[in-house]
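Structural characterization, general
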Amino acid sequence: MKLISFRHGAIDSYGLVDDQQVLDLGAVAGAEAPDLKTALAKGLLPALAARPAPVLPLSSVTLLPTLPNPGKIFCVGHNYEKHRQETGRAKVGHPSIFTRFADTLTAHRAPIVRPRVSTSLDFEGELAIVIGKGGRYIPEDEAMAHIAGFTCANDASVRDWQWHTQQFTPGKNFPATGALGPWLVTPEEITDLPAVTVTTRLNGQVVQQAPLADLIFPLPVIVAYLSSFTPLSPGDVILTGTPGGVGAKREPPLWMKPGDVVEVDISGVGLLRNDIVDEV
């Protein structure tokens, strides 16, 4: 299944993409599950997908971030070896974790906004996973059963603010810098997860590319580690790391600027496209 969150007219909803149509599952669920996060938490998606639903042309809806209202967004830093090497970070025994706020998210084909206080806006294409089944102390061998699906992310980073201190939080939480979309692909759609490849293009040129097989900490390790210090809940989002090739480590640095187009293309998952604009 491919699941989206969307706006149609003045109404926010969610649905199942079927070719160029959307089955409006939110209209079917009504108050029982007004958003995708609630439908995940209640385990309603299979039943909703089996019911008759209003059909909308995909072209008639405006996509929202895949999960517009996640309770938690976790990001894994330096999780591809090439990226670790280009940043000069030492090898570590546990994932490096930082967080994003939900109000930093932006959708497929919505702009990523370069803030007025910086010109050092960098791209970071990533696979994001969405938790479907919550839990605490989740064993690695059970972790994949807790994943509702996969989506594309661009953890766009305001590098000078990220580098003010050793902490990442400011540079990772400017409004409209965390792109998430276009949809959530459920696990049965992915037949060979290690071969799934994350590619980032800036103005049509490939700037990042690596398969998930290159992750230092694979998905089950990440889920198990996070759930050891905090309960994971349905709808939580985890960005799993970016490949090498970020703009900050190029000579000269390659920053995104207004008028640029950035795409995160993940095989079997989808293509996330955003224009870069300046903050008004």
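Here, every reference points to the structure presented above.
Overview of the structure. Please read all numbers here as calculations on a predicted model, not as lab measurements.

1. Some points on the pairing of strand 3 (residues 21-24)
Inspection of the sheet shows strand 2 (residues 11-18) paired to strand 3 by four bridges, in the antiparallel sense. Residue pairing across strands places valine 17 opposite valine 22, the latter belonging to strand 3. Between strand 2 and strand 3, which follow one another and run antiparallel, lie two residues, and aspartate 19 among them has a positive phi close to 60°.

2. A look at the pattern of salt bridges
One pass over the structure, following the stated rule, counts 14 salt bridges. The residue aspartate 236 makes a salt bridge to lysine 72 at a minimum N-O spacing of 3.2 Å. Of this pair, aspartate 236 sits in the loop between helix 6 (219-229) and strand 17 (237-239) while lysine 72 sits in the loop between strand 5 (62-63) and strand 6 (73-77), and the two are 164 residues apart along the sequence. For aspartate 236, a relative accessible area of 1% puts it in the buried group. Take lysine 72: its relative accessible area is 25%, and that puts it in the partly exposed class. The partner of lysine 257 in a salt bridge is aspartate 260, and the shortest N-O contact between them spans 3.1 Å. One continuous salt-bridge network, built from bridges that share partners, spans Arg100, Asp122, Glu124, Asp155, Arg159 and Lys172.

3. Quick word on the packing of aromatic side chains
Counted by the stated rule, this structure contains four aromatic pairs. Arranged with centres 6.2 Å apart and planes meeting at 90°, the rings of phenylalanine 74 and phenylalanine 229 form a pair that is edge-to-face. Pair noted here: phenylalanine 74 is in strand 6 and phenylalanine 229 is in helix 6, with a separation of 155 residues, a long-range link. A relative accessible area of 4% means that phenylalanine 74 is categorised as buried. With a centroid separation of 5.5 Å and an interplanar angle of 85°, the aromatic rings of tryptophan 161 and phenylalanine 174 are classed as edge-to-face.

Parameters at a glance
- Residues numbered from 1 in each chain as written.
- Predicted model: local features only at pLDDT ≥ 70, side-chain atom pairs only at ≥ 80, totals over all residues.
- Heavy atoms only, no water.
- Pairing = 2+ DSSP bridges.
- Helix = DSSP H or I, 4+ residues; strand = E, 2+ residues; numbered from the N terminus.
- Salt bridge = Lys/Arg side-chain N within 4 Å of Asp/Glu carboxyl O.
- Buried < 20%, exposed > 50% of the residue type's maximum accessible area, 1.4 Å probe, protein only.
- Phe/Tyr/Trp six-rings, centres within 6.5 Å; stacked < 30°, edge-to-face > 60°.

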